[in-house]
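Each chain is listed here by its residues.
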Amino acid sequence: MDRIRIRGGRPLSGEIQIGGAKNAALPLMAAGMLTDERLVLSNVAKLADIQTMTALLTQHGIAVDPVGNDGRVLSIGGSISNTEAPYDIVRKMRASVLVLGPLLARVGEARVSLPGGCSIGTRPVDLHLKGLEQLGATFELDGGYIDGRVSGRLRGAKIVFPFVSVGATEQLMMAAALADGQTILANAAREPEIADLAHCLVAMGARITGIGTDQLVIEGVERLHGASHAIIPDRIETGSYACAAAISGGSVFLRDARLEHLGATVRILREAGVDIVEEPGGLMVKRLNGLHGADAMTEPYPGFPTDMQAQFMALMSVAEGASMVTETIFENRFMHVPELNRMGARINVHGASAIVRGVPSLKGAPVMATDLRASLSLILAGLGAKGETIVNRVYHLDRGYEAVERKLAACGADIERIGG
Ligand code: EPZ
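These lines cover the structure that appears in this document, whether it is placed above or below. (Residues numbered from 1 in each chain as written. Predicted model: local features only at pLDDT ≥ 70, side-chain atom pairs only at ≥ 80, totals over all residues. Heavy atoms only, no water.)

Before going further, it helps to spend a moment on the nonpolar core. Membership of the largest hydrophobic core comes to 77 residues, with the highest contact counts inside it found for Met 173 and Leu 201. Aside from chain neighbours lying at most four places away, what touches Leu 201 is Ala 31, Leu 34, Met 173, Met 174, Ala 206, Ile 208 and Leu 224. Ranked by size, the runner-up nonpolar core spans 70 residues in total, among them Leu 397, Cys 411, Ala 413 and Ile 415. (Core = buried A, V, L, I, M, F, W, Y, C linked by side-chain atoms within 4.5 Å. Buried < 20%, exposed > 50% of the residue type's maximum accessible area, 1.4 Å probe, protein only. Contact = heavy atoms within 4.5 Å.)

Here you go:
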């Protein structure tokens, strides 16, 4: 099982290429099921989750072919020959549930394994199912699988989400694109990845208005056609490497990063003493002087992203003063705390909030990655620590970050992947 070894204390300097957003690519790949024609996606990052989604679509009968030889362009298309999404794939990647809407919209039936929980929370899919039922689908639970059916076409409806859900918004937008009539999604998620999916669907012939707002109006069409779409840069990768520059005391140019996608992350990082400046082609990030404790509460976009919470906490663990980090989206997303504390951080968790009292420096130690963003958080801590840190179970990392050790080493970090 691969591990990553970091020897801390070296200020980063140089340039990091920000890749295509994982959380845009996954729904966009599912959108490829909405037409037999080819959807060509470019700026696709090389991630384990993309490979998993490729395997899922392939077993549905959808071809996912690389175009060119750099593996960053995928041509997706073909007819659906299998409507079952198996447990052994879905349990590895919850975004697999996003094939449910496209299956129902295209062939009127679906048998999708319930994803089950994951390390950061129970993560139910009830909003997905309730919304699809409003569009005319019926579901039965059978042996851990959701058996879905719809007689004829899905029919448009007004859906008001009781709270913001990224996945449910994506699921219902895709299903509604082929439904008969108008669908309104009220209290829809506004993450940049939602707008990216909407723009791609429109390029495929869907009729969607309100893109970027919390109310999406979708006029269903009979069929969608092929299109080409470039995936937006990954705002969480951007925020993660901004924290890397800051915790190391260096300065890094994040190529292709987009300030307008970062929402509250910019304000909070600047408040903590991180300098983020737009320059042609990306963002220049460096630590101004010292880091100061700043508070952060995770919220739906444009609030501070839950996917940045663990990384921010690592940064605050070496800031001057205290900070309070509150997690409002998931019920168990503080598993990086005991690992950071093993490195000398002083973090106390009280329910949904963690009090971080900054220390002058962390001390390297062997630590355990528990989930995707926690693994990056531990790498950040290693960059800023004295001595050697070994991060175990980096398969979590590879799900959502491409070549972290290569990108950081190119900026001067003493970091390497060690197998076995
Ligand atoms: C997406 O997950 C992201 N994943 C997550 O990123 C991200 O943390 C999350 O949105 C919030 O921004 C992808 O896009 C592939 P939600 P999703 O539906 O869609 C509850 C990462 O690190 N909920 O917005 O699953 C849910 O339990 C990953 O890249 C229901 O109760 O998130 C959570 O508490 C981690 N019922 C809250 O809503 C439902 O039917 C928000 O979840 C759906 C969600």
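Of all ten residues making up helix H1 (residues 22-31), nine are buried, and the element is well covered by its neighbours. Regarding H1, the residues found buried are Lys 22, Ala 24, Ala 25, Leu 26, Pro 27, Leu 28, Met 29, Ala 30 and Ala 31. (Helix = DSSP H or I, 4+ residues; strand = E, 2+ residues; numbered from the N terminus.)

Bringing the packing of aromatic side chains into the picture now. The description of an aromatic ring pair uses the distance of the two centres, along with the angle that the planes make with each other. Tallied over the full model, the rule gives one aromatic pair. With centroids separated by 5.5 Å and ring planes inclined at 65°, the aromatic side chains of Phe 304 and Phe 312 adopt a geometry described as edge-to-face. Each member of the pair, Phe 304 together with Phe 312, is buried. The residue whose ring lies beneath Arg 111 is Tyr 145, and the NZ or CZ to ring-centre distance is 4.4 Å. (Phe/Tyr/Trp six-rings, centres within 6.5 Å; stacked < 30°, edge-to-face > 60°. Lys NZ or Arg CZ within 6 Å of the ring centre and 35° of its normal.)

We now examine the pattern of salt bridges. By the definition in use, this model includes 27 salt bridges. A salt bridge links Arg 7 to Asp 414; the shortest N-O distance between them is 3.5 Å. Of this pair, Arg 7 sits in strand E1 (residues 3-7) while Asp 414 sits in strand E26 (residues 414-418); the two residues are 407 residues apart in sequence, bridging distant segments of the chain. Notably, a salt bridge pairs Glu 405 with Arg 417, separated by 2.9 Å at the nearest N-O pair. In this pair, Glu 405 is assigned in helix H14 (residues 404-409) and Arg 417 in strand E26, connecting sequence segments twelve residues apart. The class for Arg 417 is partly exposed, based on a relative accessible area of 26%. (Salt bridge = Lys/Arg side-chain N within 4 Å of Asp/Glu carboxyl O.)

Moving on, we come to the environment of Arg 399. Mapped onto the elements, Arg 399 comes out in helix H13 (residues 395-400). Put simply, Arg 399 and Lys 22 are 377 residues apart on the chain and 8.9 Å apart in space, counted from C-alpha to C-alpha. Setting aside residues no more than four positions away along its own chain, Arg 399 makes contact with Lys 22, Leu 47, Ala 48, Asp 49, Lys 92, Met 93 and Leu 372. At 3.5 Å, the side chain of Arg 399 forms a polar contact with the backbone oxygen of Lys 92. (Polar contact = N/O pair within 3.5 Å; in protein donor to acceptor, adjacent residues only side chain to side chain.)

What surrounds the ligand is a group of 20 residues, the closest being Asp 126, Leu 127, Ser 165, Asp 307 and Ile 329. In this structure, Lys 22 approaches the ligand through a side-chain N or O atom, which is 3.0 Å from an oxygen atom. Asp 126 places a side-chain nitrogen or oxygen 2.7 Å from a nitrogen atom of the ligand. With the chains in place, 85% of the 830 Å² that the ligand exposes on its own is no longer accessible. Looking at the shell around the ligand, the elements with two or more residues in it are H1, helix H5 (126-134), helix H6 (166-177) and helix H12 (372-384). For the shell around the ligand, the element with the highest residue contribution is H5, accounting for three residues. Residue composition of the shell around the ligand, grouped by class: nine nonpolar, five polar and six charged. (Near = heavy atom within 4 Å. Areas by Shrake-Rupley, 256 points an atom, 1.4 Å probe, with all protein chains shown as cover. Nonpolar A, V, L, I, M, F, W, Y, C, P; charged D, E, K, R; others polar.)

With that settled, consider helix H7 (residues 192-203). Here H7 contains twelve residues, and its C-alpha end-to-end distance of 17 Å stays within 8% of the 16 Å for a straight helix at 1.5 Å per residue. Counting buried positions along H7 gives nine out of twelve residues, so the element sits mostly inside the fold. Following H7 by one or two positions, Gly 205 adopts a phi angle in the positive range, close to 110°. (Expected span 1.5 Å × (residues − 1).)

Turning our attention to the packing of helix H10 (residues 309-316) against H12. Where H10 meets H12, the closest approach of the two axes is 7 Å, and the angle between their N-to-C directions is 20°. Comparing their axes, H12 and H10 come out roughly parallel. With respect to the hand of their crossing, H10 and H12 are arranged in right-handed fashion. Contacts between H10 and H12 involve Ala 310, Gln 311 and Ala 314 on the former and, on the latter, Arg 373, Ala 374, Leu 376, Ser 377, Leu 380 and Ala 381. Broken down by class, the residue content of the contact of H10 with H12 amounts to six nonpolar, two polar and one charged. (Axes fitted to C-alpha atoms, helices over the stretch in contact; angles between N-to-C directions. Parallel < 35°, antiparallel > 145°, perpendicular 65-115°, else oblique. Left-handed = near helix turned anticlockwise from the far one by under 90°.)

Turning next to the pairing of strand E13 (residues 215-219). Relative to E13, strand E11 (residues 182-186) runs antiparallel, the two being bridged by five bridges. Residue pairing for E13: Thr 183 is matched across the bridge by Ile 218. Between strand E12 (residues 207-209) and E13, which pair antiparallel one after the other, the connecting turn spans five residues, and Gly 210 there sits at a positive phi close to 85°. (Pairing = 2+ DSSP bridges.)

Before going further, it helps to spend a moment on the packing of helix H4 (residues 100-107) against H6. Put simply, H4 and H6 touch, their axes get as near as 8 Å, and they point 10° apart. With respect to H6, the axis of H4 lies roughly parallel. Judged by residue contacts, Leu 100, Gly 101, Pro 102 and Ala 105 of H4 engage Gln 171, Met 174 and Ala 175 from H6. Counted by class, the contact of H4 with H6 contains five nonpolar, two polar and no charged residues.

Our next topic: the side chain of His 128. Note on placement: His 128 falls in helix H5. Ignoring sequence-local partners within four residues, the contact set of His 128 consists of Val 97, Leu 98, Ser 165, Gly 167, Ala 168, Gln 171 and Leu 172.

Hydrogen bonds between backbone atoms are what pair the strands of a sheet, whose relative direction is either parallel or antiparallel. The mixed open sheet is built from four strands, whose spatial order is E18-E19-E21-E20. The sheet terminates laterally at strand E18 (296-297) and strand E20 (346-350), the two strands that pair on one side only. Two elements, E20 and strand E21 (residues 353-357), share five bridges in a ladder whose sense is antiparallel. From the neighbouring strand, Asn 348 faces E21, where its bridge partner is Ile 355. Across the face of the sheet, H10 comes into contact with E18, strand E19 (322-326), E20 and E21 while running at roughly 170° to E19.

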